[in-house]
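Reading the structure
These are the residues of each chain, in order.
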Amino acid sequence: MRCPLPTAGALISLSLSLLLIINTCSALYEDQIKKFDWRSVHVGALKQAHIDLNNFQPRVLVSTHEQVVASICPKSGEIIWRQVLEGNERGDIKLMQASGFSDDSSDTAAAPMGSHLGFDLLTVQGSAPALVRGWNTNIGAIEWEWSIMPLNVERAQDALWFYSNSALYHVLPAWGSHLEVTAYFATSGHTTGGTSKIMAAWIKPDSCLLSGTYFVCQEGKQLISIDLVAKSTQVISTTLESEPTTKIQALSGLKGVLIVNKKLISVNKAQSVCPDLKSDTYVVGSFNYRKIVVYADLVKDLLKINAVYLDNCSPVPELEQSVNFSEDYGTPTFRAFDCKLKRNNDGKSCMFLFATSAESIVGVQQGRIRWTREESLANVIDSQFIDLPLADTEGTLENEMKGKSGDIASAFLRRITTQALQIKSLFLHVIGLGPPPTDTQRAGLVRDSFGLHKMLVLLTRSGKIFGVDNVAGKHHWKLYLPNVASFENSEQMRLIVQRTSKHFPLQPLCTIVAKAASTGNGILFRFNPITGRAAEGGLLELDYKIKQLSLLPETPQDYVKAILILDAANQAHVHPKHATPLAHGMYLYTADVKTSELQGYFVKNVGSSLTCLPIWNVRLGGHNSEQQIIAVAGKNPIEHVHSQGRVLGDRSVLYKYINPNLVAFVTQAPDATHKSVLHLYLIDVVSGSVIFSMTHRKVRAPLHIVHSENWLAYSFFNEKVRRTEITTLELYEGSAQGNNSVWSSLQAPFMPLVERQSYIIPTIVEAMRETITERGITNKHVLIGTASGSIVEMPWHLLDPRRPIASTTQGREEGAIPYIPELPLPTENHINYNQTVARLRHIYTAPSGLESTCLVVATGLDVFVTRVAPSKTFDLLKEDFDYILISIVLVVLTSGSLIVRHLSSRKLLKQAWK
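Note that the coordinates shown come from a computational prediction; the quantities given were computed from them, not determined experimentally. (Residues numbered from 1 in each chain as written. Predicted model: local features only at pLDDT ≥ 70, side-chain atom pairs only at ≥ 80, totals over all residues. Heavy atoms only, no water.)

It is worth spelling out the overall build of the chain at this point. When helices and strands are counted, the chain shows seven helices and 59 strands. If you line up the chain on its principal axes, its C-alpha atoms span 130 × 100 × 80 Å. Relative to its full complement of 914 residues, the chain shows a buried share of 47%. Partitioning the contacts of the chain with sequence separation of at least 6, the portion at a separation of at least 24 is 51%. Surface accessibility of the chain: about 46,200 Å² in total, with carbon and sulfur atoms responsible for 54%. With 87 positive and 83 negative side-chain charges, the chain shows a spacing of 3 Å between the two charge centroids. (Helix = DSSP H or I, 4+ residues; strand = E, 2+ residues; numbered from the N terminus. Buried < 20%, exposed > 50% of the residue type's maximum accessible area, 1.4 Å probe, protein only. Contact = heavy atoms within 4.5 Å. Areas by Shrake-Rupley, 256 points an atom, 1.4 Å probe, with all protein chains shown as cover. Lys, Arg positive; Asp, Glu negative; His and termini not counted. Charge placed at Lys NZ, Arg CZ, Asp CG, Glu CD.)

Here it is in structure tokens:
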């Protein structure tokens, strides 16, 4: 049977369809990959580590606090493979055991060739259920897996695990009563017997730990322990010289050995230790087929590494070394070490692995730092894009343009003088006698024409600050603040820009606002974001706790925006202090997450001091105070609103309700009927007026919200239909504009018109942020970070709450798309294509010098930096623009116009002589 041939009309229709599809495609070309973006991959803060240099494939196996298992190259510190486990408590790694490196070095569970009965690496994660996995460390694949579900889920969080003699032991303490110990075959999950119940009324939470097979608790000047695998249960009591000043720690690699007051104490009679050792951190290993204890101490900026043999406590001179250790790394903690024979059999080469308080991983080898990994970037909590400084010539020109004299002769003289100085500078530079370039110029940190090249300042959870090139991803500088922490109410540390680079020759100024970990008082650290050096006095320790802060809108002559701080006693302070008069008339508000109480204050300058007057109070907790604030969203202070209204289909204007003092609050409360209820409140934080409120039933967090101009978009999980939804709101004043010149919240507020709509998004939302440009002319898009690690650029016209149910003439005139509840997620809208951002948490945006372009940084376990153009690059020529063709066309047109002009004049002359 022959298939019928297509007709000519069908072929034409097919060709036209293909052309239409090709014309509507918008994707990333292959040669554009990593041209405007870059990604840095991390594993997180180190939790457990194991070094194996004698394997046919040397590797460093690590597990981290970010629920990651990875293999790192010991030569360069690069990631060989990485596996991101389940999030939250399910992925919490309780135990990591490498094959052949348990307490008994002869114990191994390595799998023979072609068998799946052993493991290279064993991990235990989670508690209810607990997952036991065996890994192939060459490729990072899971070989086998089994799980157990405890009967008592509440007690499962306290469960402990250890590995001994090819058996995996599960220890479940019942505090103040007993211990339940169950042994499993590690590779199969079958029990080796029943659960043994060991009576131990002396066990208490927060004072007990597991040291090998020993369960040890500290009580005053005593260590009470018990061997969980011994045939006969016997409680061992060990008396200490003094009560420990810090929490006791277990020394991995030795059974029943603990670190108490920097000394080694053994509760195992069969295990001897060196009692005279005193160090900050220890690691146990083997050297020359003998067990040794390696210890390290940080003396000023010098890290001293020493070792002793465990059998006779004699030193190991081959391992003694000193390494320069920068204070930017923080306090080091020894994690692992291993040695191997050198190629020429001339001694051994050893690698030492350290984890630091700044969440860095440092590899030390042969008396120097071989490599470092800045894993604090896996927990970025704030980010700012800083304009780069001007070049010297541009700065001189800008100073000239700032001349206040209006005299033409003076301006001309300044112009000639500037030109002469520039020619002189050029001549001296050519002959090699010019001034040397500055550090920033030498590093290429000079502002470009379009403002796309900026300094990306990243603030991390550990208190480490990075200055990163947003184009190349290079780390230009880094700082570490050791004694800082986040605030109460789940408020993170803040990174504030007090002065930008636009005020030449003044240097930019940034400030870190944090809490002192020791006292709880506030800390201000001021620094230059371009060089990373302290500025304006550097670190300032306050004598009060910070409750709320805000930037003053006005600036004095030094162009530094002062910080207005409200302390715990409701007293106002301004830094720098000479800007105190500018705080008069400011309004502040506070929000208590637990009680859901909002309080508004008016700042008044009386004499030389500031007073805060409470002017309004709103309680969102409900009649039983069960509602808790889960999200607060204000508007971006640098946002510009270009269009004040929206043109309707009948050519009338619907004016936007643009209230700069409007803040969105979302509360969540349990409900007996609807399980969980979300409440949204739009409140004017100057007057305390509730502008709008809305309730969602049978929905719950995670909730992510975006607030910009006159609209909001927020996502939540709908428990009734088990899906993620996005609700959008738009607020309008109506056909007449009330505050057409200056907005005032103190006038009688009017209720806006509210358009609302909900959409279904076929993914789990992890972060949301709107695009922002310098003048606000470009269309607004919403960047949606998904659980799969992709970032979707969602045009606002798809989220528009005014999308009509049916296609109407008015809707077509407004450009509104007919309403469809499902939001499309085309792959060409994924701005990070295959550069997945693991554990995506935050998206930050900033304007560039081009109105069409918005700079984006997405942070999570990884950091991804790119740029987006919501309305395409309408103010920039394309890369494939044909300059040669346009030049030829211009030359031809110019030449043609001259020739035609000449011929025309000749014709007119001939006509005149007739």
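Here strand 2 (residues 46-52) lies mainly inside the structure; five of its seven residues are buried. Looking at chain direction, strand 2 and strand 3 (residues 59-64) are connected through six bridges and run antiparallel. From the neighbouring strand, Gln 48 faces strand 3, where its bridge partner is Ser 63. Count of turn residues in the strand 2/strand 3 antiparallel hairpin: six residues. (Pairing = 2+ DSSP bridges.)

With that settled, consider a nonpolar patch on the surface. On the surface, a cluster of nonpolar side chains totalling about 750 Å² of accessible area is made up of Leu 877, Phe 881, Tyr 883, Leu 885, Ile 886, Val 889, Leu 890 and Leu 893. Relative accessible area serves as the criterion here: at 37%, Ile 886 is assigned to the partly exposed category. (Patch = residues over 30% accessible without salt bridge, like charges linked within 9 Å, V, L, I, M, F, W, Y side chains within 5 Å. Salt bridge = Lys/Arg side-chain N within 4 Å of Asp/Glu carboxyl O.)

What follows deals with helix 7 (residues 883-913). Compared with the 45 Å implied by 1.5 Å per residue over 31 residues, the 45 Å span of helix 7 between its first and last C-alpha is a close match. For helix 7, the N-terminal capping position is held by Asp 882, with its side-chain oxygen 3.4 Å away from the main-chain nitrogen of Ile 884. (Expected span 1.5 Å × (residues − 1). Polar contact = N/O pair within 3.5 Å; in protein donor to acceptor, adjacent residues only side chain to side chain.)

Going through the model one piece at a time under the given rule, you end up with three cavities of 30 Å³ or more. When its volume is computed, the largest cavity comes out at roughly 50 Å³. Looking at the largest cavity, the residues that line it are Glu 639, His 640, Thr 771, Ile 772, Thr 773, Gly 776, Thr 778, Asn 779 and Lys 780. Taken together, the residues that form the lining of the largest cavity break down as one nonpolar, six polar and two charged. (1 Å grid on protein atoms, 1.4 Å probe; cavity = no way out; pocket = protein on both sides within 12 Å on 5 of 7 lines; lining within 4 Å. Points joined across faces, edges and corners; volume = space filled by probe spheres on them. Nonpolar A, V, L, I, M, F, W, Y, C, P; charged D, E, K, R; others polar.)

Strand pairing in a sheet is mediated by backbone hydrogen bonds. Such pairs are either parallel or antiparallel. The strand order across the open sheet formed by four strands is 29-30-31-32, and the pairing between neighbours is antiparallel. Looking along the sheet, the strands with just one partner apiece sit at the ends: strand 29 (380-387) and strand 32 (475-480). Neighbour-to-neighbour, the strand axes of the sheet open up by a mean angle of 15°, direction not taken into account. Sheet analysis places strand 30 (residues 454-460) next to strand 31 (residues 464-469), joined by five bridges and oriented antiparallel. Counted as the bridge partner of Leu 458 is Phe 466 from strand 31. (Axes fitted to C-alpha atoms, helices over the stretch in contact; angles between N-to-C directions.)

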